[in-house]
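Examining the three-dimensional arrangement
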Amino acid sequence: MSTSRTAAAALSAREWGVLLVLCGAIFLEGIDVAMLNVALPAIRADLGLSTGMLQWVMSAYVLGYGGFMLVGGRAADLFGRRRMFVLWLSVFLVFSGLGGFASEGWQLITARFVTGVAAAFMTPAGLSVITTGFAEGPRRNKALLFYSGTAAGGFSIGLVVGGLLAAVDWRWVFFAPVVLSALILIGALAFVPKSPRPDRTGQSLDLAGGLTITAAVLLLVLGVERVSHASLVPTVVTLGAGLASLAAFVVVERRAAAPLVRLGIFRSAPLVRANIAGLLFAAGFFGFQFLVVLYLQELRGWSTLETSFAMIVIGVDAILSPTVVPRLVDRLGNARLIFGGLVLASLSYALFLPLGADWTYLTMLPSLLLLGIAFALTYGPLTIVATEGVEEEEQGLAGGLLYAAFQFGAALGLSGAAAVDVAATASDSAAARLDGYQAALWVPLAAALGAVLVSAFGVRSGKGQVVSERELSPELTTAE
């Protein structure tokens, strides 16, 4: 039986070529964000940016990525996944390079916004190539877990590579992705198969829905992002406008003949749980990393490179996701792995709560290692559950929903952690800053515990657990 399952899950050379190209793209997206994170101080020093403008260098990408993700996912379904992937990978390449030539802050911010928009179209297109090109079951699970491990590896490796490149010249943080993008583009043209032009009879890109949901996500992400540094009234107005746009989107979609987001897709309880759990997990994960970096660099005086090497242990997920996790999925099922991973993430954050002013790296190591294991157990299975059982013509939409949830969760976690940190820091003394970090560390823990609660319903209902081999792969009947 296990031999039959292994044979059924084996990938051909062509499939490995497609998978490596798509893994390269998600690796590119992860490494691009991580490298910029550690290069911000060098960018500020060279271009003379204020704190507000420096913050916009990061926020512009988040707004472009989060704001256009659902439109990007639906565009892949309507206009062709390969076509959208190649087109927007090319845009990503061009504007990443333009960011490296920026001499003014507004030029860099504009380049980052367009790069984020390109990623919003490219990422769900790449994911849907996997979910439509690999049969649901062991083959797709293997591909998705390999894919998720590469995504994690991009972020972890990007921290170190970014530190090395920034030490030479921060502009290489933008030029290096150009080289990688070009290689991936060549690979995409060679390996990703052309597919028949999608039948769009009676369908079109829902412009009204696209405008309202993009406005909603942009305003909500912007409002959440401003919580930590803007006054109350503008923040509330921004969030209110975002909620109003979201309500308008729901009205538009109910009346649209060919909606951007078919609201019936939310009748899938596993999909909804995966998106909510993904949002909360991302909130905890990015909020925690943000606080650890501040603690190491601002309070402990560690260099960018020292911090990068300290955090790289989280990258153990890049090893576990394609090797160990597929076996655990077969044995335990996705729902149990997600639940277990979120419990480990909660434990990781809880162990960091008594943070001291002079903690050694060995004291921090258990939390960082547990977080890497938690990421491996959670990220890939969430991707599987969020796309499992979805019709082929809506795979781009399903991927867009999941990545939009991740992006919004990241913005929520970062802003929430920053807001609590600022509120709890009474002065600029080391003791006061430590108080701020300790208070803010409750934010990722609360987010992770919320995700544990949501995922527990999946375990109770039995959804996403071990399914019989015949259900996962009907061809195994013949193999037996």
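Residues numbered from 1 in each chain as written. Predicted model: local features only at pLDDT ≥ 70, side-chain atom pairs only at ≥ 80, totals over all residues. Heavy atoms only, no water.

Together, Leu232, Val233, Val236 and Val237 make up a nonpolar patch on the protein surface, roughly 410 Å² of accessible area in all. The class of Leu232 is exposed, set by a relative accessible area of 64%. (Patch = residues over 30% accessible without salt bridge, like charges linked within 9 Å, V, L, I, M, F, W, Y side chains within 5 Å. Areas by Shrake-Rupley, 256 points an atom, 1.4 Å probe, with all protein chains shown as cover. Salt bridge = Lys/Arg side-chain N within 4 Å of Asp/Glu carboxyl O. Buried < 20%, exposed > 50% of the residue type's maximum accessible area, 1.4 Å probe, protein only.)

This part takes up the packing of helix α5 (residues 105-133) against helix α16 (residues 395-424). Where α5 meets α16, the axes come as close as 8 Å, and the angle between the chain directions of the two elements is 130 degrees. One element, α5, and the other, α16, form an angle in the oblique class. The way α5 lies across α16 gives a crossing that is right-handed. Here Thr123, Pro124, Leu127, Ser128, Thr131 and Thr132 of α5 lie close against α16, whose contacting residues are Gln395, Gly396, Gly399, Gly400 and Tyr403. (Axes fitted to C-alpha atoms, helices over the stretch in contact; angles between N-to-C directions. Helix = DSSP H or I, 4+ residues; strand = E, 2+ residues; numbered from the N terminus. Parallel < 35°, antiparallel > 145°, perpendicular 65-115°, else oblique. Left-handed = near helix turned anticlockwise from the far one by under 90°. Contact = heavy atoms within 4.5 Å.)

Below, the discussion takes up the packing of aromatic side chains. Going through the model one piece at a time under the given rule, you end up with 18 aromatic pairs. By the ring-pair criterion, three or more aromatic residues cluster together here, those being Phe281, Phe285, Phe286, Phe375, Tyr379, Tyr403 and Phe406. (Phe/Tyr/Trp six-rings, centres within 6.5 Å; stacked < 30°, edge-to-face > 60°.)

Another aspect to go through is the nonpolar core. If you look at the biggest cluster of nonpolar residues, it comprises 118 residues, and the most contacted ones within it are Phe85, Tyr295 and Tyr403. Formed by 19 residues, the second largest nonpolar core is a distinct cluster that contains Leu54, Ala60, Trp170 and Phe174. (Core = buried A, V, L, I, M, F, W, Y, C linked by side-chain atoms within 4.5 Å.)

Applying the stated criterion across every chain yields a total of six salt bridges. Across the salt bridge formed by Asp32 and Arg112, the nearest N and O atoms sit 3.0 Å from each other. Taken as a pair, Asp32 in helix α2 (residues 13-47) and Arg112 in helix α5 lie far apart in primary sequence, 80 residues in all. Both residues of the pair, Asp32 and Arg112, belong to the buried class. The partner of Arg74 in a salt bridge is Asp77, with the nearest N and O atoms 3.6 Å apart. With a gap of three residues between them, Arg74 and Asp77 both fall in helix α3 (residues 51-79), about one helical turn apart. For the pair Arg74 and Asp77, a shared accessibility class is recorded, and that class is buried. Each of Arg74, Asp77 and Arg81 takes part in a single network of salt bridges with overlapping partners.

Looking at where Thr383 falls in the secondary structure, it is placed in helix α15 (residues 361-387). In contact with Thr383, other than residues within four places in its own chain, are Leu127, Leu144 and Leu402.

With that settled, consider helix α14 (residues 334-352). Here α14 contains 19 residues, and its C-alpha end-to-end distance of 27 Å stays within 8% of the 27 Å for a straight helix at 1.5 Å per residue. Residues of α14 that are buried include every one of Asn334, Ala335, Leu337, Ile338, Gly341, Leu342, Ala345, Ser346, Ser348, Tyr349 and Phe352, and no others. (Expected span 1.5 Å × (residues − 1).)

What follows is about helix α4 (residues 81-100). A turn of α-helix holds 3.6 residues, and therefore any two residues three or four places apart point the same way. Here α4 contains 20 residues, and its C-alpha end-to-end distance of 29 Å stays within 8% of the 28 Å for a straight helix at 1.5 Å per residue. Of all 20 residues in α4, 14 are buried; the element is thus mostly enclosed.

This prediction gives the protein chain a mean pLDDT of 83; 91% of its residues lie at or above 70. No element of the protein chain has a lower mean pLDDT than helix α20 (residues 476-479), which averages 34, and none a higher one than α14, which averages 95. Across residues 1-7 the pLDDT falls below 50, and counting only partners more than four positions away or on other chains, this stretch makes nine contacts in the model. Overall, residues 463-480 carries pLDDT values under 50, and its contacts beyond four positions in sequence, including any with other chains, amount to 37 contacts. (pLDDT = per-residue confidence, 0-100.)

A few words on the packing of helix α6 (residues 138-168) against α15. The relative placement of two packed helices is expressed as an angle between their axes plus a distance between the axes. Axis separation between α6 and α15 bottoms out at 9 Å; the angle between their running directions is 130 degrees. Looking at the two axes, α6 sits oblique to α15. Where α6 crosses over α15, the two elements pack in a sense that is right-handed. Contact with α6, carried on its side by Arg140, Asn141, Leu144, Leu145, Ser148, Ala151 and Ala152, involves Phe375, Tyr379, Gly380, Pro381, Thr383, Ile384 and Thr387 of α15 and no other residues of that element. Residue composition of the contact of α6 with α15, by class: eight nonpolar, five polar and one charged. (Nonpolar A, V, L, I, M, F, W, Y, C, P; charged D, E, K, R; others polar.)

The subject of this paragraph is the side chain of Ser245. Locating Ser245 in the fold gives a position in helix α9 (residues 232-255). If near-sequence neighbours (up to four positions away) are discounted, Ser245 is found in contact with Thr212, Ala215, Ala216 and Leu219.

Another aspect to go through is the environment of Leu371. Here Leu371 shows up in helix α15. The exposure class of Leu371 is buried, given its relative accessible area of 0%. Taking the C-alpha atoms as reference points, Leu371 and Ser346, 25 residues apart in sequence, are found 8.7 Å from one another. In this view, Leu371 contacts Phe285, Phe288, Ile314, Ala345, Ser348 and Tyr349; residues no more than four positions away in its chain are not counted.

What follows deals with the environment of Tyr147. Relative to the elements of secondary structure, Tyr147 occurs in helix α6. Judged by relative accessible area, which is 2%, Tyr147 ranks as buried. When the C-alpha positions of Tyr147 and Gly24 are compared, they lie 8.9 Å apart, and in sequence the two are 123 residues distant. Those residues within four positions of Tyr147 in sequence are excluded, and the remaining contacts are Leu22, Cys23, Ile26, Thr123, Gly126, Leu127, Ile130 and Tyr403.

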